[in-house]
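# Commentary on secondary and tertiary structure
As a plain string of letters, each chain reads:
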Amino acid sequence: MREVAIIGVGLTKFGELWDKSFRQLITEAGTKAILDAGIRGSEIDALYVGSMSPGRFIGQEHVGALVADSSGLTVMHIPATRIESACASGGMALRHAYIAVAAGIHDIVIVGGVEKMTDVVGSEATNILAMAADQEWEAFFGVTFPALYAMIARRHMYEYGTTREQLAMVAVKNHENALLNPNAQFHRKITVEDVINSPPVATPLNLLDCSPISDGAAALVLCPLEKAKEYTDKIVKIAGSGQATDSLALHGREDICTFMSTVRASREAYKQAGIQPKDVDVAEVHDCFTIAEILAIEDLGFVKKGEGGKAVEEGLTARDGEIPVNPSGGLKAKGHPVGATGVAQVAEIVLQLRGEAEKRQIPDARIGLAHNIGGSGASCTVHILEAV
Ligand code: COA
């Protein structure tokens, strides 16, 4: 297996982008990644794009071909593949591109992630997202994603004494980080009181405990590590890549407060990279709801099970903490265009490891981790990146 490097990143702004279409967003991100990598479009061997539900959000399927076409790549007739794994579509697209380069099937591969969610009304967006839950056992009965995560939050509070304030502190931290990210959807400082007093969505989760409905895109360029130095001297390699699944419905799990997909995917990635959780200098984790970040830092092994809330309260995950989590603002405040999220998380880690994260730079970051979840934990990818 060959070692693989990421030599280019591209990001659009996230938010309600009514003046930009799906194809404009992904083309903008892809063009930025190609320019950043310093490659010519004609050098690209294959394209992978993650998108969760473009058919329902904008009435467009067959987006592998669409993205290749709008990027001018169909003149070379390269293979273009769309990957769907709910909110983990982006991480999964990266994982498949990584496998293709590592296996020696392709050399230079572009990976995109894109979603355009704000062209439908909020209730319709909620219904579309709920299609990633178990239709027969959950969604049919009216359960939405906020509701599923609310059940997990209640159980975590009952089992481990996690407090309402600790949940709110995740949102406060991530909104504060997003103030330093020009691409973030929200540039609004909030307090614990703001979160607790925001409108209820699914108790105990309020509006400010939720990631928003967003538009946006992100892209990466991958190549074999040995070839990377032809393009850049700031080389970031993929040191570990893990993927795992769990039961689609929450009731199929022994413990709804542990995402076994995160545990399995991260252990696979740590083993491949030859590192321990304590070696991670910076992490982007899947905080689709405040409770999700608490679960993530526990399941990734940064803290013991049940101690996630306390860790946030003690500042362990702050930008100047022991393991800075979501310096980009996370899904909560940077935004969550579902198919783009997993790719954007990795782009942020690459910028951190290259020392190019501007005001949100974590000093001396050498090893970073990106954690992307599909649905309520039924699928997960974890990527560990290392500055070479
Ligand atoms: N965080 C912070 N502010 C938010 C927000 C969020 N998640 N969602 C909306 N807002 C703001 C809007 O910007 C708007 O502000 P303004 O009045 O200053 O313009 C205001 O709140 C109302 O926005 P609106 O779009 O009417 O909110 P809504 O009630 O329709 O939707 C949620 C709010 C929380 C229901 C929606 O964001 C949501 O469904 N989030 C979860 C998405 C999800 O499940 N993703 C998949 C995860 S697995």
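Residues numbered from 1 in each chain as written. Predicted model: local features only at pLDDT ≥ 70, side-chain atom pairs only at ≥ 80, totals over all residues. Heavy atoms only, no water.

Time to look at the overall build of the protein. Check the secondary structure of the protein and you find 14 helices and 11 strands. The C-alpha atoms of the protein give 19 Å as radius of gyration, which agrees with the globular expectation for 388 residues (21 Å, within 12%). The principal-axis extent of the C-alpha atoms belonging to the protein is close to 55 × 45 × 40 Å. Going through the 388 residues of the protein one by one, you find that 62% of them count as buried. (Helix = DSSP H or I, 4+ residues; strand = E, 2+ residues; numbered from the N terminus. Rg over C-alpha atoms; globule rule 2.2 N^0.38 Å. Buried < 20%, exposed > 50% of the residue type's maximum accessible area, 1.4 Å probe, protein only.)

Turning to the side chain of Thr 317, a few remarks are in order. Looking at the element boundaries, Thr 317 is found in the loop between helix 12 (308–313) and helix 13 (330–334). When its relative accessible area of 2% is taken as the criterion, Thr 317 is described as buried. If sequence neighbours within four positions are ignored, Thr 317 has contacts with Lys 173, Glu 293, Ile 297, Ala 311, Val 312, Ile 323, Pro 324 and Val 325. (Contact = heavy atoms within 4.5 Å.)

Attention now goes to unusual backbone geometry. Residue Pro 204 is bonded to the preceding Thr 203 through a cis peptide linkage, with omega at 15°. Looking at the element boundaries, Pro 204 is found in the loop between strand 5 (200–202) and strand 6 (205–206). Even without glycine at this site, Glu 358 takes up a positive phi of about 50°. Positionally, Glu 358 belongs in the loop between helix 14 (338–353) and strand 10 (367–374). Positive phi, normally seen in glycine, also occurs at Asp 364, with a value near 55°. Its place among the elements puts Asp 364 in the loop between helix 14 and strand 10. Accessibility expressed as a relative area gives 71% for Asp 364, which makes it exposed.

Next up on the list: the sheet that holds strand 7 (residues 215–224). Judged by pairing direction, the sheet is mixed, and its nine strands sit side by side in the order 3-2-4-7-1-8-11-10-9 without closing on themselves. Both edges of this open sheet fall to strand 3 (80–83) and strand 9 (282–284), since each of them pairs with a single strand only. On average, adjacent strands in this sheet sit at an angle of 25° to one another, irrespective of strand direction. Across four bridges, strand 2 (residues 46–50) lies against strand 3 in parallel orientation. Bridge pairing in strand 3 places Leu 47 opposite Ala 80. (Pairing = 2+ DSSP bridges. Axes fitted to C-alpha atoms, helices over the stretch in contact; angles between N-to-C directions.)

Between its first and last C-alpha, helix 10 (residues 260–273) extends 20 Å over 14 residues, near the 20 Å set by a 1.5 Å rise per residue. Along helix 10, the residues that are buried comprise Ser 261, Thr 262, Val 263, Ala 265, Ser 266, Ala 269, Tyr 270 and Ala 273. Close packing links the buried residues of helix 10 with strand 8 (236–245), helix 11 (290–299), strand 10 and strand 11 (379–387). (Expected span 1.5 Å × (residues − 1).)

Glancing now at the site of the ligand. Among the 13 residues in the neighbourhood of the ligand, the closest are listed as Leu 207, Leu 208, Cys 210, Ser 211 and Lys 332. For the ligand, a nitrogen atom lies 2.8 Å from a polar atom in the backbone of Ser 211. In the model, a nitrogen atom of the ligand is placed 2.9 Å from a nitrogen or oxygen of the Lys 332 side chain. Contact with the protein chains hides 61% of the accessible area of the ligand, taken as 920 Å² for the molecule alone. (Near = heavy atom within 4 Å. Polar contact = N/O pair within 3.5 Å; in protein donor to acceptor, adjacent residues only side chain to side chain. Areas by Shrake-Rupley, 256 points an atom, 1.4 Å probe, with all protein chains shown as cover.)

Attention now goes to the pattern of salt bridges. A complete count under the given rule lists 23 salt bridges for this structure. Notably, a salt bridge pairs Glu 159 with Arg 155, separated by 2.7 Å at the nearest N-O pair. Separated by four residues within a single helix, Glu 159 and Arg 155 lie in helix 6 (residues 145–160), roughly one turn from each other. Taking relative accessible area as the criterion, Glu 159 reaches 41% and is therefore assigned partly exposed. Close ionic contact of Lys 278 with Asp 279 constitutes a salt bridge, the shortest N to O distance being 3.7 Å. In this structure Lys 278 comes out as exposed when scored by relative accessible area, which is 67%. A relative accessible area of 27% places Asp 279 in the partly exposed class. One network of salt bridges, with partners in common, ties together Asp 36, Lys 234, Arg 354 and Glu 356. (Salt bridge = Lys/Arg side-chain N within 4 Å of Asp/Glu carboxyl O.)

The quantities given are spatial measurements derived from coordinates; they are silent on function.
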